[in-house]
Amino acid sequence: MTAFPKTLALMQRGAEFLGTDYAIMCGAMSWVSERGLVSAISNGGGFGVIACGAMTPDLLDAEIAATKVLTDKPFGVNLITMHPDLFELIEVCAKHEVTHVVLAGGLPPKGSVEAIKAKGAKLICFAPMLALGKKLLRSGADALVIEGNEAGGHIGPVATSVLAQEILPELAEDNLVFVAGGIGKGDMIAAYLEMGAAGVQLGTRFACATESIAHPDFKKAFFRANARDAVASVQLDPRLPVIPVRALKNKGTEEFTAKQREVGLLLDQGSVDMNEAQLRIEHFWAGALRRAVIDGDVENGSLMAGQSVGMVKTEEPVADIIQALMAESEEALSGR
Ligand SMILES: Cc1cc2nc3c(=O)[nH]c(=O)nc-3n(C[C@H](O)[C@H](O)[C@H](O)COP(=O)(O)O)c2cc1C
């Protein structure tokens, strides 16, 4: 593996931690990151992550088993902290000796860090700001992902470039920090590695790979889109703590506004509490994303995509995408 010496030298810590050739993670994408894409990423030298989303423990059990048939390389499982069966899902990961668990959706609930690490799995957490990153590391996270506002799917308020400047100089020397959000080319990977990142995480760039099960119409919408088409959802009701979602503009975007109105009304009437209201919003997104990814309803479904979508032009095998990213990074570093 001598093709990319400068990039590999900077990726060494991250690749060792992940057990991969390259410190390139494909972030979990609900409905998209299943056995096919995840195994292709790991077989291509990167790190695939199964999106558990709202899966039941039985479904996750089957998905991990099926992924293991397709790859003998390491891969991770992304669990969402607010899943009602979180601890059962952790048990499923332990049963399969999943090497890395990625926890998304806020601070890990009490006991979850210990449960994940009890069987030797490594824990990766999302750090949306420096103070939280420090807290997560103190609580036992083995690595952090800092994900900026340019990303596809659920997003935080701050740009990747700003998070990188705030967090990498403070934490990256002594800890493993992966950067996500808005990365479309290897030049950007080179830049974050030079700033001290252990590696990177991409989603949008991989969503339309040949091995991705996303519907052909979903992929076409990505190929046609520009950066400015990937917009963040708008929060209508200040009471509803809705996490913004970045997706391509379509009728589904408007339906989200209607959904917020409907849930806001139920809150007014007292027929749901805040927790239930939030769950209903999350179910809306899961359903809308499924309609677009699986059914190909690109009008009414949710086309979650990051701003890097403008750099996704054609369907390519995962291995080619990874090699292209590495070559671009190497060229950038060689020209310094
Ligand atoms: C279609 C889509 C679905 C996603 N679903 C999830 C998810 O279920 N869980 C999660 O933690 N992140 C999710 N993400 C975020 C990705 O894992 C990744 O962090 C993000 O795409 C990186 O930014 P980028 O899109 O700019 O490459 C999703 C992203 C996309 C594009």
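Nothing here was measured: the structure is a model prediction, and the numbers come from that model. (Residues numbered from 1 in each chain as written. Predicted model: local features only at pLDDT ≥ 70, side-chain atom pairs only at ≥ 80, totals over all residues.)

**As for the sheet that holds strand β10 (residues 230-232)**
So, point 1. Pairing in this open sheet of three strands is antiparallel, and the strands run β7-β11-β10 from one edge to the other. Each end of this open sheet is capped by a strand with a single partner; those strands are β7 (153-154) and β10.
So, point 2. Bridge analysis of β10 against strand β11 (residues 245-248) gives three bridges, and the strand direction is antiparallel. Counterpart to alanine 230 in the pairing with β11 is leucine 248. (Pairing = 2+ DSSP bridges. Helix = DSSP H or I, 4+ residues; strand = E, 2+ residues; numbered from the N terminus.)

**Quick notes on the packing of helix α8 (residues 186-194) against helix α13 (residues 318-334)**
So, point 1. Between α8 and α13, whose axes approach to 7 Å, the crossing angle comes to 60 degrees. The orientation of α8 with respect to α13, classified from their angle, is oblique. For the pair α8 and α13, the crossing hand works out as right-handed. Residue-level inspection shows Gly186, Asp187, Ile189 and Ala190 of α8 in contact with α13, the latter providing Leu325, Met326, Ala327, Glu328, Ser329, Ala332 and Leu333.
So, point 2. Of the residues contributing to the contact of α8 with α13, the split by class is seven nonpolar, two polar and two charged. (Axes fitted to C-alpha atoms, helices over the stretch in contact; angles between N-to-C directions. Parallel < 35°, antiparallel > 145°, perpendicular 65-115°, else oblique. Left-handed = near helix turned anticlockwise from the far one by under 90°. Contact = placed C-beta atoms within 7 Å. Nonpolar A, V, L, I, M, F, W, Y, C, P; charged D, E, K, R; others polar.)

**Remarks on the domain arrangement of the chain**
So, point 1. Taken domain by domain, the chain consists of domain 1 (5-214 + 311-330) and domain 2 (216-307).
So, point 2. On a C-alpha basis, the centres of domain 1 and domain 2 stand 23 Å from each other.
So, point 3. With 22 residues of domain 1 at the interface, the matching set in domain 2 holds 19 residues.
So, point 4. Within the residue set of the side of domain 1 that touches domain 2, elements represented by two or more residues are β7 and α9 (204-207).
So, point 5. Residues belonging to the side of domain 1 that touches domain 2 are distributed by class as follows: nine nonpolar, ten polar and three charged. (Domains from an automatic or database assignment.)

**A word on the packing of helix α2 (residues 35-43) against helix α3 (residues 57-70)**
Packed helix pairs are specified by the crossing angle of their axes together with the interaxial distance, meaning the distance between the axes.
So, point 1. Their axes nearest at 9 Å, the elements α2 and α3 cross at an angle of 40 degrees. When the axes of α2 and α3 are compared, the pair comes out oblique. α2 and α3 meet at a crossing whose hand is right-handed. The segment α2 lies against α3, with Arg35, Val38 and Ser39 engaging Glu63, Ala66, Thr67 and Leu70.
So, point 2. Class assignment for the residues of the contact of α2 with α3 results in three nonpolar, two polar and two charged.

**Thoughts on helix α7 (residues 160-171)**
So, point 1. Compared with the 16 Å implied by 1.5 Å per residue over twelve residues, the 15 Å span of α7 between its first and last C-alpha is a close match.
So, point 2. All of the buried residues in α7 are Thr160, Leu163, Ala164 and Ile167. Projection of α7 onto a plane perpendicular to its axis shows the buried side chains occupying an angular sector of 105 degrees, all on one side. Exposed residues pointing more than 90 degrees away from the buried face of α7 are listed as Gln165 and Pro169.
So, point 3. Looking at the packing, one finds that the buried side of α7 touches α6 (130-138), β6 (143-147), β8 (176-180) and α8. (Expected span 1.5 Å × (residues − 1). Buried ≥ 20, exposed ≤ 12 C-beta atoms within 10 Å, placed from the backbone. Arc of directions from axis to C-beta.)

**Some details on the pairing of strand β3 (residues 76-80)**
So, point 1. For β3, the buried fraction is high: five of the five residues fall into the buried class.
So, point 2. Going residue by residue along β3, you find Gly76, Asn78 and Ile80 tucked away on one face and Val77 and Leu79 tucked away on the opposite face as well.
So, point 3. Pairing of strand β2 (residues 47-51) with β3, which is carried by three bridges, proceeds in the parallel orientation. For isoleucine 50, the partnering residue across the bridge sits in β3 and is valine 77.
So, point 4. Assessed by its sense of winding, the connection that carries the chain from β2 through α3 to β3 is right-handed.
So, point 5. Where β3 meets strand β4 (residues 100-104), five bridges bridge the pair, whose relative direction is parallel. (Right-handed = clockwise from strand over helix to strand, strands pointing away.)

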